[in-house]
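Here is how the chains run, residue by residue.
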Amino acid sequence: MTSITAIAAALLTAGCSAGLADSTAHVTPTPPAIAATSTTPATGYDGLTGLPLSAYGTSEQDDVLLYRTNEALVARCMQNRGYTSYSGQKKTQTAAKTKEEKEAIRPAGAWGYIGSATAKRLGFHVAVSLPATQGPTGQELKDYNACWDKAGKQVPSLAGTRGWKLTQDLFGQSFQQAAADSRVGAARERWSACMSTAGHPADDPEELANGFLNAKKATAKEIAAATADETCTRSSNLAAVYFAVLTEYQQQLISANAKVLTGYKKQVQAQVDRAAHLLAASDTT
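What comes next is a walk through the structure.

### Things to note about the environment of glutamate 207
As for its placement among the helices and strands, glutamate 207 is situated in helix α9 (residues 205–210). Residue class for glutamate 207 comes out exposed when judged on its relative accessible area of 60%. Linking glutamate 207 and alanine 108, residues 99 residues apart in sequence, is a C-alpha distance of 9.5 Å.

Below you can see the structure in the form of structure tokens.
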């Protein structure tokens, strides 16, 4: 699982994640010192992937490699089963490279909205999923599922392992700790006051964004709210304070759970190395 995906999952379960991993070392959070002038990340994506805990798990580039390897293994298996023209599910996966791509992955969160270009263009309607394509049916579906299972055994997923569970749990704990920090609370109050002045009263950035997502596309009202959110995030220094505080809480959690996390990091590297080897071999056959 890529770091950004793992983080999103942890964000969704932050309210109930503490204590999920039995191996989590107990840590009494100590409000960490942060720089007087913290730096705001360029995008929400950059802020999340730059977190200390994001080093434990696959990167987005690793996930692209794992995806390509799985597709290659499934394609070879299907061809061996007689589907000679089978070449994959006609989908591609690439890592975000440009600022615009990163900005549109997850621009709105507990830290506010980072990214004026996306706010003005898409509001909060970002990362829209592509329509599902028609997949195999009948006997072909059975063969495909068998090939999928075979590919999974060649590069086993780490989801559900001790290290994976611990990383998810620590992300959740760190989000809870940051949300309860008085400095983040003060920054959010400044953000809320700014939003009220701008004509878009709101207490929480993420709730503001989610309130618009039932619409099929961004309305003028949503664009105005997202643009105000981006402006107020900057003026309140919310994102800078949030990520600075969150980073330090994560460092505390990592220090208390270093042994398991280090072992998990080695597992991830071994998984990625095996995938790279299998993909290289499939490219030469």
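Next, the rest of the story.
### A short note on the nonpolar core
Residues Phe124, Tyr242 and Phe243 are the most contacted members of the largest nonpolar core, which totals 63 residues. For this core, the secondary-structure elements that each account for two or more residues are α3 (60–80), α6 (138–154), α7 (162–180), α8 (182–197), α9, α10 (220–236), α11 (238–256) and α12 (258–283). Not counting chain neighbours up to four residues away, the residues in contact with tyrosine 242 comprise Ala110, Trp111, Phe175, Ala178 and Val184.

### Topic: the packing of α7 against α12
α12 packs onto α7 with a crossing angle of 120° between their chain directions and a minimal axis gap of 9 Å. Relative to α12, α7 is oriented oblique. In this structure, α7 crosses over α12, and the sense of that crossing is left-handed. Contact with α7, carried on its side by Arg162, Gly163, Trp164, Leu166, Thr167 and Leu170, involves Val260, Leu261 and Tyr264 of α12 and no other residues of that element. Among the residues making up the contact of α7 with α12, the classes are represented as six nonpolar, two polar and one charged.

### Structural notes on unusual backbone geometry
Across the chain, the bulk of peptide bonds are trans and the bulk of non-glycine residues have phi less than zero. One non-glycine residue, asparagine 237, lies in the positive phi region at around 65°. In this fold, asparagine 237 is placed in the loop between α10 and α11.

### Considerations on the state of the cysteines
Going through the model one piece at a time under the given rule, you end up with two disulfides. Shown here is the disulfide that connects cysteine 77 with cysteine 147, its sulfur atoms set 2.1 Å apart. One quick way to see it: the torsion about the S-S bond of cysteine 77 and cysteine 147 is about -75°, and its sign makes the bridge left-handed. Separated by 70 residues along the polypeptide, cysteine 77 in helix α3 and cysteine 147 in helix α6 bring together distant segments of the chain. Residue classification places cysteine 147 among the buried positions, given a relative accessible area of 1%.

### A look at the side chain of glutamine 271
Among the structural elements, glutamine 271 can be located in helix α12. At 3.1 Å, the side chain of glutamine 271 and the backbone oxygen of proline 156 are in polar contact. Leaving out residues up to four positions away in the same chain, glutamine 271 has contacts with Thr58, Leu66, Val155, Pro156, Ser157 and Leu158.

Rules behind the numbers
- Residues numbered from 1 in each chain as written.
- Predicted model: local features only at pLDDT ≥ 70, side-chain atom pairs only at ≥ 80, totals over all residues.
- Heavy atoms only, no water.
- Helix = DSSP H or I, 4+ residues; strand = E, 2+ residues; numbered from the N terminus.
- Buried < 20%, exposed > 50% of the residue type's maximum accessible area, 1.4 Å probe, protein only.
- Core = buried A, V, L, I, M, F, W, Y, C linked by side-chain atoms within 4.5 Å.
- Contact = heavy atoms within 4.5 Å.
- Axes fitted to C-alpha atoms, helices over the stretch in contact; angles between N-to-C directions.
- Parallel < 35°, antiparallel > 145°, perpendicular 65-115°, else oblique.
- Left-handed = near helix turned anticlockwise from the far one by under 90°.
- Nonpolar A, V, L, I, M, F, W, Y, C, P; charged D, E, K, R; others polar.
- Disulfide = S-S within 2.5 Å.
- Polar contact = N/O pair within 3.5 Å; in protein donor to acceptor, adjacent residues only side chain to side chain.

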